[in-house]
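# Structural features, examined
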Amino acid sequence: MIKDHCKTMRFHINSPENRVPYIFNFSTMKLPSEVMINALSSKNIYVSSASACSGKKKSRVLTSMGFKSVIVDTAIRISLHPDTEEDDIKYFLTELDFAVNHLGF
């Protein structure tokens, strides 16, 4: 559901096809990661811009994969819990769309 939505929104999908099923990484190509993180956290949705061990730094993995700065700078990493429900994902996607469409530069 999330991957299909990201394709519809023309986001860049950073996660490979053989990814771990509960972690997904994409780039909006529009909003800096920190802006998106703050917008979503104000709605009690918590995502990150890099792996948990990286803190608030840019993703060294995306950088080492050779992605352009716009992809690295707008990357969002989602970690889902086994108890995540479809309504939770729909809420996330609604708030993601709102942020992209109303906070875009």
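Summarised in this report is the structure supplied together with it. Since the model is a prediction, treat every value here as computed from it, not as a measurement. (Residues numbered from 1 in each chain as written. Predicted model: local features only at pLDDT ≥ 70, side-chain atom pairs only at ≥ 80, totals over all residues. Heavy atoms only, no water.)

## Digging into the overall build of the chain
Scanning the chain for helices and strands turns up five helices and three strands. Starting at the N terminus and walking to the C terminus, you meet the elements of the chain as α-β-β-α-α-α-β-α. Scored against the burial criterion, the 105 residues of the chain give a buried share of 38%. Partitioning the contacts of the chain with sequence separation of at least 6, the portion at a separation of at least 24 is 68%. Counting only carbon and sulfur atoms, one obtains 54% of the accessible surface of the chain, whose full area is about 6,700 Å². (Helix = DSSP H or I, 4+ residues; strand = E, 2+ residues; numbered from the N terminus. Buried < 20%, exposed > 50% of the residue type's maximum accessible area, 1.4 Å probe, protein only. Contact = heavy atoms within 4.5 Å. Areas by Shrake-Rupley, 256 points an atom, 1.4 Å probe, with all protein chains shown as cover.)

## A look at the pairing of strand S2 (residues 23-27)
Of all the five residues making up S2, four are buried; the element is thus mostly covered by neighbouring parts of the structure. In the sheet, strand S1 (residues 12-13) pairs with S2 via two bridges, with the strands oriented antiparallel. By the bridge assignment, isoleucine 13 is partnered in S2 with phenylalanine 26. In this structure, S2 lies alongside strand S3 (residues 75-79), joined through five bridges in antiparallel fashion. Residue pairing for S3: serine 27 is matched across the bridge by alanine 75. (Pairing = 2+ DSSP bridges.)

## Quick notes on the nonpolar core
Residues Ile2, Phe26, Met36, Val47, Ile78, Phe92 and Leu96 are the most contacted members of the largest nonpolar core, which totals 21 residues. At the level of secondary structure, the elements contributing two or more residues to this core comprise helix H1 (2-8), S2, helix H2 (33-41), S3 and helix H5 (86-103). Take this core: its biggest share by element is six residues, from H5. Ignoring anything within four residues of it in the chain, the contact list for leucine 96 reads Phe11, Phe26, Met36 and Leu40. (Core = buried A, V, L, I, M, F, W, Y, C linked by side-chain atoms within 4.5 Å.)

## Observations regarding the pattern of salt bridges
Counted by the stated rule, this structure contains two salt bridges. Between glutamate 17 and lysine 3 there is a salt bridge whose closest N-O contact spans 2.5 Å. Taken together, the positions of glutamate 17 in the loop between S1 and S2 and lysine 3 in helix H1 put the pair 14 residues apart, joining distant regions of the chain. Note that lysine 90 is salt-bridged to glutamate 86, the shortest N-O span being 3.4 Å. (Salt bridge = Lys/Arg side-chain N within 4 Å of Asp/Glu carboxyl O.)

## Description of the environment of serine 15
Tracing the backbone shows serine 15 in the loop between S1 and S2. Residue serine 15 is classed as buried on the basis of its relative accessible area, which comes to 14%. With ten residues separating them along the chain, serine 15 and asparagine 25 place their C-alpha atoms 5.2 Å apart. Every residue in contact with serine 15, bar those within four places of it in the chain, is listed here: Ile23, Phe24 and Asn25. Within the local environment of serine 15, its side chain forms a polar contact with the backbone nitrogen of asparagine 25, the two atoms lying 2.7 Å apart. (Polar contact = N/O pair within 3.5 Å; in protein donor to acceptor, adjacent residues only side chain to side chain.)

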